[in-house]
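Fold and geometry: a report
Listed below are the residues making up each chain.
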Amino acid sequence: MIHNGNPNGNLRLHIDWTRCDGRGVCNELLPETLARDDWGYPLTHDHRDPVIDQGRITAAREAVDLCPRLALTLHRG
Ligand code: SF4
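Residues numbered from 1 in each chain as written. Predicted model: local features only at pLDDT ≥ 70, side-chain atom pairs only at ≥ 80, totals over all residues.

Naming follows an unreviewed UniProt entry, where the chain appears as Ferredoxin of Nocardia macrotermitis.

Given below as structure tokens:
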């Protein structure tokens, strides 16, 4: 599901840090978007919700669906 903020904004991936426990599914599916720290937690490049390019939308949706902690959401902003 995509939560609409600014309908004309970029598609972004939000990580709920209160839920994430660093299992690493998201960085395996989106290696160009998310790095991984020493404990398996995803790292964004600028500490903002990363922009999801058109070519990575399918992988991002898959990450949202497969995150075992339901910590990922897509939104426009
Ligand atoms: S898949 Fe979910 S729980 Fe695992 S690291 Fe990514 S956000 Fe965290």
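Structure shown, so let's carry the discussion forward.
1. Some points on the overall build of the chain
Within the chain, the secondary structure is distributed over two helices and five strands. For the chain, the succession of helices and strands along the chain, N to C, is β-β-α-β-β-α-β. With respect to the principal axes defined by its C-alpha atoms, the chain has extents near 35 × 20 × 20 Å. Looking at the chain as a whole, 21% of its 77 residues qualify as buried. (Helix = DSSP H or I, 4+ residues; strand = E, 2+ residues; numbered from the N terminus. Buried ≥ 20, exposed ≤ 12 C-beta atoms within 10 Å, placed from the backbone.)

2. Things to note about the sheet that holds strand β2 (residues 11-15)
Within the open sheet, the three strands sit side by side as β1-β5-β2. Their pairing is mixed. Each edge of the open sheet carries a strand with a single partner, namely β1 (2-3) and β2. Sheet analysis places β1 next to strand β5 (residues 72-76), joined by two bridges and oriented parallel. Bridge assignment links H3 to a residue of β5, and that residue is H75. (Pairing = 2+ DSSP bridges.)

3. As for the nonpolar core
Listed in full, the eleven residues of the largest apolar core are L13, I15, C26, L29, L34, I52, A60, A63, C67, A71 and L72. Of all the elements in the fold, those that place two or more residues in this core are β2, α1 (25-29) and α2 (57-66). In this structure I15 touches C20, P42, A71 and L72, once residues within four positions along its chain are discounted. (Core = buried A, V, L, I, M, F, W, Y, C linked by C-beta atoms within 7 Å. Contact = placed C-beta atoms within 7 Å.)

4. Topic: the site of the ligand
Not every one of the 14 residues close to the ligand is listed here, only the nearest: C20, R23, V25, C26 and C67. In terms of residue class, the shell around the ligand is built from nine nonpolar, two polar and three charged. (Near = placed C-beta within 6 Å. Nonpolar A, V, L, I, M, F, W, Y, C, P; charged D, E, K, R; others polar.)

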